[in-house]
Amino acid sequence: MSTVANKIGLEESDWDVSPEGIAQWCQRVSALQPLIFTDEELAEIEAEKATRKQWECERFEAYANKLASEWE
């Protein structure tokens, strides 16, 4: 089993593929609750997405020009 402290995720060797390990995984997955947002949270998410989109649109041309100049 891997012991690297800052590692993200699992390697195949880390998986418990025993019948017990698979049963535990199935129990954990079955216990997950759906992610439900309130109307206020959804509105905040949409507002943040719109703000981000506007920010990206305002900077797109300058960024595209910078990339183009690097390829010349």
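For every chain, the first residue of its written sequence is number 1, and the numbers climb from 1 along that sequence. Owing to the predicted nature of the model, reporting of local features is limited to residues with pLDDT of at least 70; listing and counting of side-chain atom pairs is limited to 80 or more, with chain, interface and lining totals taken over all residues. Working from all heavy atoms in the structure, the side-chain values ignore hydrogens and water.

Draft legend 1. Region of interest: the overall build of the chain. Numbered from the N terminus, helices here are DSSP runs of H or I no shorter than four residues, and strands are runs of E no shorter than two. In terms of helices and strands, the chain carries 2 helices and 0 strands. On C-alpha atoms alone, the chain measures out to a radius of gyration of 22 Å, which is more than a quarter above the 11 Å that the 2.2 N^0.38 rule sets for 72 residues. Under the convention used here, a 1.4 Å probe and the Shrake-Rupley method define accessible areas, while residue burial counts only the protein chains that appear. Entry remark: accessible area of the chain is about 7,200 Å², with carbon and sulfur atoms responsible for 59%. Under the convention used here, Asp and Glu are negative, Lys and Arg are positive, and both His and the chain ends fall outside the count. To locate a charge, take atom NZ for lysine, CZ for arginine, CG for aspartate or CD for glutamate. Treating the 7 positive side-chain charges of the chain as one cloud and the 16 negative ones as another, the clouds have centres 4 Å apart. Radius of gyration here uses only the C-alpha atoms, and the compact-globule reference equals 2.2 Å multiplied by the residue count raised to the power 0.38.

Draft legend 2. Helix α1 (residues 19-31), seen in detail. The terminal C-alpha atoms of α1, which comprises 13 residues, lie 18 Å apart, in line with the 18 Å expected from a rise of 1.5 Å per residue. Whether a residue is buried, partly exposed or exposed follows from its accessible area with a 1.4 Å probe, protein chains only, as a fraction of its type maximum: under 20%, in between, or over 50%, in that order. With 1 of 13 residues buried, α1 lies mostly on the surface of the structure. Given a helix with a known number of residues, its expected span is that number minus one, times 1.5 Å.

Draft legend 3. Inspection of the pattern of salt bridges at higher detail. Salt bridge, as used here, is a side-chain nitrogen of Lys or Arg placed within 4 Å of a carboxyl oxygen of Asp or Glu. Scanning the model with the defined rule gives 3 salt bridges in all. Two residues, E56 and R52, come together in a salt bridge whose shortest N-O distance is 2.9 Å. On the criterion of helical spacing, the pair formed by E56 and R52 is a turn pair, its members being 4 residues apart in helix α2 (residues 39-71). Its salt-bridge partner being E58, residue R59 comes within 3.4 Å of it at the nearest N-O pair. Residue R59 is classed as partly exposed on the basis of its relative accessible area of 38%.

Draft legend 4. Representation of a negative patch on the surface. Residues with no salt bridge and a relative accessible area higher than 30% make up the patches, which join like charges within 9 Å and nonpolar side chains (Val, Leu, Ile, Met, Phe, Trp, Tyr) within 5 Å. Taken together, the side chains of D39, E40, E41, E44 and E48 present a region of like negative charge at the surface. The residue E41 is located in helix α2 in this model. Residue classification places E41 among the partly exposed positions, given a relative accessible area of 36%.

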